[in-house]
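As a plain string of letters, each chain reads:
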Number of protein chains: 2
Amino acid sequence: VEELVSVRARGLRSSAIRDLLRLAEDPAVRSLAGGLPAAEGIPVERLRTALERALAVPGRYGPTGLQYGPTEGLAPLRDLVAARLRAQGAPADATDTIITTGSQQGLDLLGRALCDPGDVVVVEDPSYLGARQALSAAGARLHAVTADDGGLRTDVLAEHLAAGLRPKAVYVVANFQNPAGTTLALERRTDLADLADRYGFVVIEDDPYGALRFAGSSLPPVRSLGDRVVTLGTASKLLAPGLRVGWLTAPAALVAPLVRLKQAADLHTATLPQLVVHDCLGDEAWLAGHVAGLRTLYAARADALCGALRLRLGERLAWREPQGGMFVWGRLRADRDADVLLPISLRHGVAFVPGSAFTDDPAGRACLRLSFASLTPPELVDAVERLAESMEDLGDARPAGS
Amino acid sequence: VEELVSVRARGLRSSAIRDLLRLAEDPAVRSLAGGLPAAEGIPVERLRTALERALAVPGRYGPTGLQYGPTEGLAPLRDLVAARLRAQGAPADATDTIITTGSQQGLDLLGRALCDPGDVVVVEDPSYLGARQALSAAGARLHAVTADDGGLRTDVLAEHLAAGLRPKAVYVVANFQNPAGTTLALERRTDLADLADRYGFVVIEDDPYGALRFAGSSLPPVRSLGDRVVTLGTASKLLAPGLRVGWLTAPAALVAPLVRLKQAADLHTATLPQLVVHDCLGDEAWLAGHVAGLRTLYAARADALCGALRLRLGERLAWREPQGGMFVWGRLRADRDADVLLPISLRHGVAFVPGSAFTDDPAGRACLRLSFASLTPPELVDAVERLAESMEDLGDARPAGS
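Conventions adopted
Residues numbered from 1 in each chain as written. Chains lettered and ligands numbered in written order. Predicted model: local features only at pLDDT ≥ 70, side-chain atom pairs only at ≥ 80, totals over all residues. Heavy atoms only, no water. Phe/Tyr/Trp six-rings, centres within 6.5 Å; stacked < 30°, edge-to-face > 60°. Helix = DSSP H or I, 4+ residues; strand = E, 2+ residues; numbered from the N terminus. Buried < 20%, exposed > 50% of the residue type's maximum accessible area, 1.4 Å probe, protein only. Pairing = 2+ DSSP bridges. Contact = heavy atoms within 4.5 Å. Salt bridge = Lys/Arg side-chain N within 4 Å of Asp/Glu carboxyl O. Polar contact = N/O pair within 3.5 Å; in protein donor to acceptor, adjacent residues only side chain to side chain. Least-squares fit on C-alpha atoms with pLDDT ≥ 70 in both. Lys, Arg positive; Asp, Glu negative; His and termini not counted.

Novice: In this structure, what is going on with the packing of aromatic side chains? I would like to understand it.
Specialist: Two aromatic rings, taken as a pair, are described by how far apart their centres are and by the angle between their planes. Taken as a whole and assessed by the stated rule, the structure comprises 6 aromatic pairs over all chains. An angle of 90° between the planes, with centres 5.8 Å apart, marks the rings of Y209 of chain A and F327 of chain A as edge-to-face. In this pair, Y209 of chain A sits in the loop between strand 7 (202-206) and strand 8 (229-234) while F327 of chain A sits in strand 11 (residues 327-332), placing the two residues 118 residues apart along the sequence. Relative accessible area serves as the criterion here: at 4%, Y209 of chain A is assigned to the buried category. Overall, F327 of chain A belongs to the buried group, its relative accessible area being 2%. Ring geometry for F214 of chain B against F372 of chain B: centres 6.2 Å apart, planes inclined by 70°, an arrangement best described as edge-to-face.

Novice: When you look at the pairing of strand 6 (residues 169-172) of chain A in this model, what are you seeing that I'm missing?
Specialist: Successive residues of a regular strand alternate their side chains across the two faces of the sheet. Residues and elements named next belong to chain A. Of the two faces of strand 6, the one carrying A169 and Y171 and the one carrying V170 and V172 are both buried. Pairing geometry for strand 3 (residues 120-125) and strand 6, over 3 bridges, is parallel. Residue pairing in the sheet places V121 in a bridge with A169 of strand 6. By the bridge criterion, 4 bridges tie strand 6 to strand 7 in an arrangement that is parallel. Its bridge partner lying in strand 7, V172 is registered against E205.

Novice: Just checking my understanding: could you explain the interface of chain A and chain B for this structure?
Specialist: Reports of interface size often rely on the accessible area that becomes lost once the parts have come together. With 88 residues of chain A in contact, the opposing surface of chain B contributes 87 residues. At the boundary of chain A with chain B, the tally comes to 4 salt bridges. Among the salt bridges present, the one from R228 of chain B reaches E3 of chain A, with a minimum N-O distance of 3.5 Å. Inspection of the region where chain A meets chain B yields 44 residue pairs in polar contact (both at pLDDT 80 or more). Of all the elements in the fold, those that place two or more residues in the side of chain A that touches chain B are helix 1 (7-11), helix 3 (44-55), helix 5 (102-114), helix 6 (129-137), helix 9 (252-266) and helix 10 (271-281) of chain A.

Novice: I keep staring at the relation of the copies chain A and chain B and nothing clicks. Help me out?
Specialist: Two chain copies here: they are related by a rotation about an axis and a translation along the same axis. You can overlay chain A on chain B at an RMSD of 0.0 Å; the transform is a turn of 180° with a shift of 0.0 Å along its axis. Such values leave the two copies arranged in the relation of a two-fold axis. In this assembly, 99% of the residues forming the interface of chain A have copies in chain B that are likewise at the interface, indicating an isologous arrangement.

Novice: What is the right way to read the side chain of K262 of chain A from this model?
Specialist: Residue and element names in this part refer to chain A. Within the element layout of this structure, K262 appears in helix 9. For K262, a relative accessible area of 0% puts it in the buried group. Every residue in contact with K262, bar those within four places of it in the chain, is listed here: T71, I98, I99, T100, T101, Q105, L109, L267, H268 and T269.

Novice: Hey, could you run me through the side chain of D206 of chain B in this one?
Specialist: Residues and elements named next belong to chain B. In this fold, D206 is placed in strand 7 (residues 202-206). One buried charge, D206, has no salt-bridge partner; the nearest side chain with opposite charge is K237, at 8.0 Å. A distance of 2.6 Å separates polar atoms of two side chains, one belonging to D206 and the other to Y171. Ignoring any residue separated from it by four or fewer positions in sequence, one finds D206 in contact with S103, L107, Y171, V172, V173, A174 and L232.

This is how it looks when you write it as C-alpha cells:
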C-alpha cells in the first residue's frame, strides 16, 4: 500500500522533533515545549453551565447542538464573532465569517482556497509550525521573510516584492507571535495592508493570543487597515482548546470557495461546542472578568520564567520579555545548537521546542521556544534549573550552518 | 481578491441543487431531502449523562475533554473502535485507527493521502455526493462504475481494470448505500478485495449505516476479506451527527501519512465529543437496546414511506424496498426529469434530492433520493401526497440525455 501514498502526503515531513517531544509527555518531565493553555485558565464550571444550556437549545430535527448544522457555522456565533471583530475597529459581518474546526482548519482551508501547487506564501521567519504544515500541505512554497522585535520586516518584504516576488498570501501572527513572542508594529501593519493592495495578495492575520496582553497597549487589527485581509481567531486560548472552535472573517470573494472546501473537509464544525462558545463569549460581564484573570495568570507565569532565566541563564541565553501570549523566544549565546541541547535537556527532565521547528534558517538552530503557559511559577523555576543543568552538559555544540 | 482563488477551489462546483434545497429548510416544506438521522433516535439523556462524566475525566493539564489532545484521537476510543471492527470479523488495532472529525474528514484525508492531481478513484454510479466532493477537491478524477441491486458491478470493474484502468482507490458504501439504498453482495465483496490485491488499489469502505439493518442478514466487512481496505465509521447515525466524531481503520502504511495530514487539517478532533462517544459506545447493554430501538424506528418509517409510494405513486415511480439505512432510491417512469420536478415539488411543499446530484450519467436525472429518516410516518404519508400532486403538474419533461 505504501507505494500508493501521494507525492503531496510524502512531502509532509515527519518531524524528528515531534517524535522526540513525545518524551515530554512523561509526567517526570517539566515541559516548556507545549502550546497548551494553562489548565487553571480553563473555566470548567462556566463551560459546564454552557453545555447544559446548549443541550436545551431546540432545533427542527432535535437539539441544535446534536444535529447536523450549516457548513458556515451557527448563525448566532457568526454574528457574535463579527461583532467582536467590529469592536476592535475592523469591518466584519456574519456573512464574511465562517466557523472552523479550530483556527488550524482555517489555515488549511485558506491554503487550499488560495494556493495551487507552487504558489508562494510569505511567512515570518520564524513562523508557526502548524501554519507552515497546513500551507505546505496545500502545495504552497513558503518564502520566509526576516522578522525582528517589531515583527515582520515589511521593508524587507517590500524589497522582495519590488524584485518580483508575487505571493498569493502573507501569513502573520500579529500579536505575541508563535514562536517569537513579538507584536507587529503599527506602522508595519499599515505597510503590510498597503503592500497587499499594491501587489494583490491577501494578508492572513492569525490572532490566537491578542486577548492575552498583560503589558503595553493593543494595536488595531491589520484588517482594520485594508480590504485584503483574512482574520483568524479561536476559542482555544480564551476558553478551551478541546472544543476545537475557531473562526475566520474573509474578503467576500473568498467566502464561497472556503465554504465549499469546508463542506468537503468535515461538513461543519461540531455544533455543541459552537453553542458553548456562543454562550460564554456572549456573556460579556463574565468574559471580562475571565479574561482579566487569564492576563493576571499569564503575567505571573511570564514573570516567574523570565525571573528564573535572569538568575540562572542570563549569561547563556538572550531573550525578549513578553507583553502577552504564551511564549518566550530565547537565543543561545555563542551559537550553541538547541537541537543538540534537546535530548540532553530531556535527560534532565525538561523540554522545549528547538528553533529549527519554526525556520529553515540554520541560524534558528541556536534558538528555542519556551512556553510559560502550562506550568505554575514554582514549576517554571524548577524547569529553568533543569535547563541550566542541561546546558552545563552541552559543551560547545554549534549548528551546522552557523 | 477573486483572482487569487486557486484553480482547485474554482473546480469545486457550487451545486445549484444545494442552493435550491435551502428552500427545503422552510418549516412548511416536508423534507425527504436531508441525510439527517431521526430526531427521536438521538439519545439526548444518555448523551447528557456522558457529557457530565466527560467533564470529570482528568488530564495532566486540566480535564481531558477540554484540553488539546493527540492528533490520532484519544487512545481509549481508538481501542473501542478497533474492538468493534474486530467483533465484525475484520482485523483492527488501535494503532491502525484514527479518530476523524466526522467520516467526511476521513474521506478528505484519504483523498489527499492517496491522490495527486489526475489520479483516478472509482466510485459507484450513483455515489455519495460528499465523497465525490472530497475526492474531487483532492484532485482525483472520478471514474464511475455501474451498480445494480447487488451494489457495485465488480464484473464491470474487472473489465475496466483488464482494459488498463489503474485507480488509486475504489470507494464503496457497502451497506445501504447513499443514495441507492443497496448492499454490496457477498461474492462482490470477495471479488473487490481480490481485485484490490491483483491491481494494487485501496478499497475505501464507508460504513455509516451498517448498524441500521432492519431486514435481512449482515454481511462481513470488505476489510475482513482483504488487506488493502480502509474502513470508515461514524457516530453520526448511531448517536448524534453534531458531535462530528468519525473514525477510520487503515492499512498500516497509510496511518502515518493520514496523521500528518490530519495534524495540518485541524490538529485533532474535539476531545469532549470523543469522550462522549467512548462512554456511549462502550456501554454495551445500553447500546444494544438503543440500536434495537433505532432499527424499529427506521423500519416503521421505511414501511410508511414505501406503503404511501405504493398507494399513490406505484404507476409513476419504481423503487427498491430498503433493508436498512435511511434512503429509498426511486426512478421516475417514462424517464421524467427529477431536476425539473424539484422546483415544482418545492411549490407543493415537499423536497427530495434529484439523482443528478449523485451521478454524471444523464439517465440519473430520472432518479430521486427519498429519505425516510427524519419524518414521522404521518408526515411521510403527507409528503408522498404532496409528491404525487407535484408529479401531476410535471407534464412530460424528460432528461436532456435520455
